[in-house]
Amino acid sequence: MAAAAAPSVSPSPVPAPAPKVESPKAGDRKVVPVDAVAVEVEVEVEVELKLELEEKHVLAVDDSSVDRAVIAKILRSSKYRVTTVESATRALELLALGLLPDVNMIITDYWMPGMTGYELLKHVKESSELREIPVVIMSSENVPNRITRCLEEGAEDFLLKPVRPSDVSRLCSRIR
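Every chain is numbered independently, its residues counted from 1 as its sequence is written. Predicted model: local features are reported for residues with pLDDT of at least 70 only, side-chain atom pairs are reported and counted for 80 or more only, and whole-chain, interface and lining totals are derived from all residues. As a rule here, side-chain values come from all non-hydrogen atoms in the structure, and water together with hydrogens is ignored.

Enquirer: Summarise the overall build of the protein chain; cite the residues concerned and give the values.
Expert: Only DSSP runs of H or I covering at least 4 residues are called helices, and only runs of E covering at least 2 are called strands; the numbering of each starts at the N terminus. Helix and strand counts for the protein chain come out as 6 helices and 5 strands. Going from N to C terminus, the protein chain has its helices and strands arranged as α-β-α-β-α-β-α-β-α-β-α. For the protein chain, the proportion of its 176 residues judged to be buried stands at 35%. By definition in these notes, contact holds between two residues if any of their heavy atoms fall within 4.5 Å. When contacts within the protein chain are restricted to residue pairs at least 6 apart in sequence, those whose partners lie at least 24 apart make up 59%. For the protein chain, the exposed surface amounts to about 11,700 Å²; the carbon and sulfur share of it is 57%. Each residue is placed in one exposure class: buried if its accessible area under a 1.4 Å probe, protein chains only, is under 20% of its type's maximum, exposed if it is over 50%, and partly exposed if it falls in between. Only the protein chains shown count as cover for residues, with accessible areas throughout obtained via the Shrake-Rupley method and a probe of 1.4 Å.

Right, here's the structure in full:
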């Protein structure tokens, strides 16, 4: 009787080592264009996103250094550029001199010495150069007629202090 032939075993190929994959870094992205139109659309969307995220500039006005620091921290954590000033008078000076030409929103305390946030709001809304800038008023006092008066004068919103990150999220759609 003849012995059965042993099955032939061919050596299995040794798998090639996996290519080294680096962890993604901030700003990394992979673009796989489908056609020229898709590339144009992607570039337009990227430009719009950069404008929305990187170039939104908020002027925060409050006589309290603690409140200025809190609002600045919240806004910066939401990726806004923030300039803080200690008075409504200083805010108007900087805006009038053109030292802050790219402000997309002003957020101001209501009650400050010298000029109130309400008076700042009125000056901004009466100025042909500034009137398009949204103004948000903040106050630690919940006074309904004050809130109504500010909104009627053109305030975009009225926030009660302490300002929270959720308040800033609500404002995102109003920043121009």
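Enquirer: Give me the pairing of strand β5 (residues 157-160): which residues, what numbers.
Expert: Alignment of strand β4 (residues 135-139) against β5, held across 4 bridges, turns out to be parallel. Looking across to β5, one finds that Ile-137 is bridged to Phe-158. With the strands aimed away from the viewer, a crossover counts as right-handed if its path from the first strand over the helix to the second runs clockwise. Following the backbone out of β4, through helix α5 (residues 144-153) and into the adjacent parallel β5, one traces a crossover that is right-handed. Strand pairing requires that DSSP identify at least two bridges connecting the strands.

Enquirer: Go over the pairing of strand β2 (residues 81-85), please, and point to the residues and values.
Expert: Across 5 bridges, the pairing between strand β1 (residues 57-61) and β2 is parallel. Across the sheet, the residue bridging to Val-61 is Val-85, located in β2. For the handedness criterion, the β-α-β arrangement of β1, helix α2 (residues 65-77) and β2 is classed as right-handed.

Enquirer: Pulling in residues and values, what's your account of the packing of helix α4 (residues 117-126) against α5?
Expert: Axis geometry follows a simple rule: fit a line to the C-alpha atoms, using only the stretch in contact for helices, then measure angles between N-to-C directions, giving values from 0 to 180 degrees. Direction vectors running N to C along α4 and α5 enclose 15°, while the axes themselves pass 10 Å from each other. Judged on the interaxial angle alone, α5 and α4 are roughly parallel. The crossing of α4 and α5 is left-handed. Of α5, the residues touching α4 (which contributes Tyr-118, Leu-121, Lys-122 and Lys-125) are Arg-149, Cys-150 and Glu-153. Only Asp, Glu, Lys and Arg are considered charged in this grouping, and only Ala, Val, Leu, Ile, Met, Phe, Trp, Tyr, Cys and Pro are considered nonpolar; every other residue, Gly among them, is considered polar. Partitioning the contact of α4 with α5 into residue classes produces 3 nonpolar, no polar and 4 charged. If an angle is under 35 degrees, it is roughly parallel; if it is over 145, roughly antiparallel; if it lies from 65 to 115, roughly perpendicular; otherwise it is oblique. Helix crossings fall into two classes, left-handed where the near helix is turned counterclockwise from the far one by less than a right angle and right-handed where it is turned clockwise.

Enquirer: Summarise the UniProt feature "modified residue: 4-aspartylphosphate" (unreviewed entry) in the protein chain; cite the residues concerned and give the values.
Expert: UniProt positions are given in the numbering used here, feature names are shortened, and annotations may be inferred rather than shown by experiment. In this structure's numbering, the residues bearing the UniProt feature "modified residue: 4-aspartylphosphate" (unreviewed entry) are Asp-109. Mapped onto the secondary structure, Asp-109 falls in strand β3 (residues 105-109). With residues near it in sequence (within four places) discarded, Asp-109 still touches Val-61, Asp-62, Asp-63, Gly-117, Met-138, Ser-139 and Lys-161.

Enquirer: Tell me about the pattern of salt bridges, residues and numbers included.
Expert: Salt bridges are defined as contacts in which a side-chain nitrogen from Lys or Arg sits within 4 Å of a carboxyl oxygen from Asp or Glu. As enumerated under the stated definition, the model contains 9 salt bridges in all. Across the salt bridge formed by Asp-62 and Lys-161, the nearest N and O atoms sit 2.7 Å from each other. Of the two residues, Asp-62 is situated in the loop between β1 and α2 and Lys-161 in the loop between β5 and α6 (165-171); the sequence distance between them amounts to 99 residues. Lys-161 carries the same exposure label as Asp-62, and that label is buried. Linked through salt bridges whose partners overlap, the residues forming this network are Asp-62, Asp-67, Asp-109 and Lys-161.

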